[in-house]
Amino acid sequence: MPDLTSDPDAALVITLAETGEIPDRVDKALAAAAPASAALSRSRLARLIAEGAVAGPAGPVTDGKARALPGDYSIRLDPPRPIAAEAQAIALNIAYEDDALIVIDKPAGMVVHPAPGTPDGTLVNALLAHCAGSLSGIGGAARPGIVHRIDKDTSGLLVVAKTDRAHQSLARQFEDHSAARRYLALAHGVIDPADPRLRGLAGVSFEPGNVLRIATRLGRHPTDRQRQAVSHERGRHAVTRAVMREAFGTPPAAMLVECRLETGRTHQIRVHLAYCGLGLIGDPVYGGARRASTRALGAAAAEVAAFPRQALHAAHLGFAHPDDGRWLAFDSPLPADMAALLDALRGAGDATAAK
């Protein structure tokens, strides 16, 4: 059996012995060998590997699928921050609910689960009160029932599991991409298949119907741990498809875009569109230097500049019910702030529906 020791620098050290019991892949081997208290799932290990936090007997581990070698593996872990989430009576916009799950239409500004900077007032706090203890325990004390999440300042739909069976089924659907997720966003710039700048970007291509496909790896920014960044060598595989629905301005300088997630990485849509020079309106982190011109957008330019959050909304969610397999699909209209901005863009000049 593998030996477990503690590193003086607070890293977890796992020693894999040279036996036939060790799984071939390093991520599987480390997940199997780690103590339960470390909560090292393969998905968490994938994130740690992408962040450069895992080193083995042959040096840094950059690929979880690589062959496991006997010897010491050092894993840098953030110090644990236990958070006791409390039930709080916070109003919820419930799109659907039964004994297995609940679908929430989350407002912008609400954090999904407690964290050191936001210990209460979160969706989890509200769910603990509403569901009165009937949430899946798989997510742990801080994230009961949470299968996936959307950013604090992103609005829209997400599903929460009430039972462990539902949690496992829904997690598989998100992992194998059988769940359907579509987002609507308002962004600077437009998607133009003839744009040589777009066609020259690594990982960017066009599919039939002028669908922009962005396929890169995403991982922690090398100097800012609060941000994600595109990489072509390290990080987790991420694929976003984007279709322009309307263009605004003369010449076109902003757009309504529908984004479809094949994978669901942290900040994926925001990072991928910014990588293409199409940063979201209002995004303070990834919006980038490219902005729609005042002249092109006319009277709407001031509203674009003043929009207080990333203009991103989780508009559609579909999945197979964990208990009986029937397909459930939900749609959420644009929230009032994005709808008002869209109206301003449509009324400020030429609005062109994408073909």
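Residues numbered from 1 in each chain as written. Predicted model: local features only at pLDDT ≥ 70, side-chain atom pairs only at ≥ 80, totals over all residues. Heavy atoms only, no water.

Draft legend 1. Layout of the layout of surface pockets. By volume, the second largest pocket amounts to about 260 Å³. Lining the second largest pocket are 15 residues, and of these Ala-50, Gly-219, Arg-220, His-221 and Pro-222 sit closest to its centre. For the lining of the second largest pocket, the elements supplying multiple residues, two or more each, are strand S11 (211–220) and strand S12 (228–231). The class makeup of the residues in the lining of the second largest pocket is five nonpolar, five polar and five charged. Counting contributing residues, the lining of the second largest pocket receives three or more from each of domain 1 (11–76) and domain 3 (181–351). (1 Å grid on protein atoms, 1.4 Å probe; cavity = no way out; pocket = protein on both sides within 12 Å on 5 of 7 lines; lining within 4 Å. Points joined across faces, edges and corners; volume = space filled by probe spheres on them. Helix = DSSP H or I, 4+ residues; strand = E, 2+ residues; numbered from the N terminus. Nonpolar A, V, L, I, M, F, W, Y, C, P; charged D, E, K, R; others polar. Domains from an automatic or database assignment.)

Draft legend 2. Spatial organisation of the pairing of strand S5 (residues 71–76). Pairing of strand S2 (residues 11–16) with S5, which is carried by six bridges, proceeds in the antiparallel orientation. Of the residues in S5, the one forming a bridge with Ala-11 is Arg-76. Of the strand pairs in this sheet, strand S3 (residues 54–56) and S5 are connected by two bridges, and their pairing is antiparallel. Looking at the pairing, Ala-55 lines up with Ser-74 of S5. (Pairing = 2+ DSSP bridges.)

Draft legend 3. Geometry of the pattern of salt bridges. If you walk through the whole model with that rule in mind, you get 16 salt bridges. Between Arg-309 and Asp-337 there is a salt bridge, with its nearest N and O atoms 2.8 Å apart. One end of the pair, Arg-309, is in the loop between helix H8 (301–306) and strand S15 (312–320); the other, Asp-337, is in helix H9 (residues 336–347), with 28 residues separating them in the sequence. Salt bridges linked by common partners bring Arg-149, Asp-151, Arg-270 and Asp-283 together as one network. (Salt bridge = Lys/Arg side-chain N within 4 Å of Asp/Glu carboxyl O.)

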